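In case you want the letters, here they are:
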Amino acid sequence: MRRSRHEPSQHDDSNPLHDATWLYSYADLMTQLLIFAILIVSVLGVPETVKPQAQAQAQAQAQAQAQAQTAASPLEQTEKDVKRFVKESGLERDLALDRAADRLVIRMKSAILFAEGQAELTRAARTVLSGLAPLLTGARADLRVEGHTDDVPIRSGAFRSNWELSSARAISVVDYLEARGVDKARLSVAGYGEFHPIVANDGTEHRALNRRVEIVVLGG
């Protein structure tokens, strides 16, 4: 019997493309490989590449910060120099240092600087200031010289009040420091009279402490 021309022909089983079941296994393998790659990256991370120039800059900045932390500031160096001078000169009883965050106060008793009721520097005062001047010149900071008295009214005919006496004493110190090489543009003067005592004016010893000249080294 002759086959109709419209009857479909039989499949050719020899062609592997006619059976696509192998694609499922292949897709499953690719999925597993992708999952494995993602796990590896999540565990090990992606290596970062650092440019040699950026790395060198970071190292230089770290070294600069370390040196800044170990090196003494100008104010700290001035404090060390003045302490050494005071100790070597045996002036511990007459000179004292008071350090704050932004200043160093060099406190000098008036007894070693001036005669009672006077504003002219004594020979001992010139010796002390001659030793301090080079240290203050190297400090490269502004200096304020402050004069202070006790609360006893002035009896000298040269000055009408403790205001005038304290100011005149501070000016004498400034003039001498300028003569010894300290830049006058860095110097200023203040006279406080008896109004800034460090202790109460309730006895001879306390009044002696309040009669003083202070050199304030400004700068952190």
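To be clear, the structure that these remarks concern was listed above.
Residues numbered from 1 in each chain as written. Predicted model: local features only at pLDDT ≥ 70, side-chain atom pairs only at ≥ 80, totals over all residues. Heavy atoms only, no water.

Another point: the sheet that holds strand β5 (residues 212-218). Taken in spatial order, the five strands make up an open sheet running β1-β2-β5-β3-β4, and their pairing is mixed. With partners counted over all chains shown, the strands left at the sheet margins are β1 (95-99) and β4 (187-191), one partner each. Ignoring strand direction, the axes of neighbouring strands in this sheet form an average angle of 20 degrees. Bridge count between strand β3 (residues 143-148) and β5: six bridges; the pairing is antiparallel. Residue pairing for β5: R144 is matched across the bridge by V216. Against the sheet, helix α3 (residues 74-89) touches β1, β2 (103-109) and β5, its axis set at about 160 degrees to β1. In the packing of helix α5 (residues 162-179) onto the sheet, contacts are made with β3, β4 and β5, and the angle to β4 comes to roughly 160 degrees. (Pairing = 2+ DSSP bridges. Helix = DSSP H or I, 4+ residues; strand = E, 2+ residues; numbered from the N terminus. Axes fitted to C-alpha atoms, helices over the stretch in contact; angles between N-to-C directions. Contact = heavy atoms within 4.5 Å.)

A word on the packing of α3 against helix α4 (residues 123-139). Interhelical geometry of α3 versus α4 gives an angle of 165 degrees and a closest axis separation of 10 Å. Relative to α4, the element α3 is oriented roughly antiparallel. In this structure, the crossing between α3 and α4 has a hand that is right-handed. Contact residues: P74, T78, D81, V82 and F85 in α3; V128, G131, L132, L135 and A139 in α4. (Parallel < 35°, antiparallel > 145°, perpendicular 65-115°, else oblique. Left-handed = near helix turned anticlockwise from the far one by under 90°.)

To continue, consider the pattern of salt bridges. One pass over the structure, following the stated rule, counts eleven salt bridges. Between E79 and K83 there is a salt bridge whose closest N-O contact spans 3.5 Å. Here K83 and E79 lie together in helix α3, a separation of four residues that amounts to about one turn. A relative accessible area of 15% means that E79 is categorised as buried. For R144, the salt bridge identified is with E146, shortest N-O distance 2.7 Å. Each of D98, R107, R212 and E214 takes part in a single network of salt bridges with overlapping partners. (Salt bridge = Lys/Arg side-chain N within 4 Å of Asp/Glu carboxyl O. Buried < 20%, exposed > 50% of the residue type's maximum accessible area, 1.4 Å probe, protein only.)

Further remarks concern unusual backbone geometry. We note that R140 has phi near 55 degrees; this positive angle belongs to a residue other than glycine. Within the secondary structure, R140 sits in the loop between α4 and β3.

This part covers the nonpolar core. Formed by 33 residues in total, the largest nonpolar core has its most connected members in M108, L132, L177 and I215. Every element with two or more residues in this core is listed here: α3, β2, α4, β3, α5 and β5. Take this core: its biggest share by element is seven residues, from α4. (Core = buried A, V, L, I, M, F, W, Y, C linked by side-chain atoms within 4.5 Å.)

Its 17 residues place the ends of α4 25 Å apart at the C-alpha level, agreeing with the 24 Å of an ideal helix rising 1.5 Å per residue. Along α4, the largest kink reaches about 30 degrees and is centred on A133; proline P134 follows within four residues of it. By the burial criterion, the buried members of α4 are A125, V128, L129, L132, A133, L136 and A139. (Expected span 1.5 Å × (residues − 1). Bend = angle between axes of the 7 residues up to and from the residue.)

Turning our eyes to something else, we now look at the side chain of N201. With respect to the element layout, N201 can be found in the loop between β4 and α6 (204-210). Taking the relative accessible area as the measure of exposure, N201 reaches 17% and is therefore buried. Among residues more than four places away in sequence, those in contact with N201 are D150, D151, R207 and N210.

What follows concerns a nonpolar patch on the surface. Among the surface-exposed residues, Y26, L29, M30 and L33 lie close enough to one another that they form a single nonpolar patch of about 380 Å² accessible area. Along the polypeptide, M30 turns up in helix α1 (residues 22-44). (Patch = residues over 30% accessible without salt bridge, like charges linked within 9 Å, V, L, I, M, F, W, Y side chains within 5 Å. Areas by Shrake-Rupley, 256 points an atom, 1.4 Å probe, with all protein chains shown as cover.)

Right, let's get into the pairing of β2. Counting buried positions along β2 gives five out of seven residues, so the element sits mostly inside the fold. Here β1 pairs with β2 via five bridges, running antiparallel. Residue L97 lies in a different strand from β2, and its bridge partner there is I106. Hairpin connection of β1 to β2: three residues between the antiparallel strands. With seven bridges joining them, β2 and β5 adopt antiparallel strand pairing. Looking at the pairing, K109 lines up with R212 of β5.

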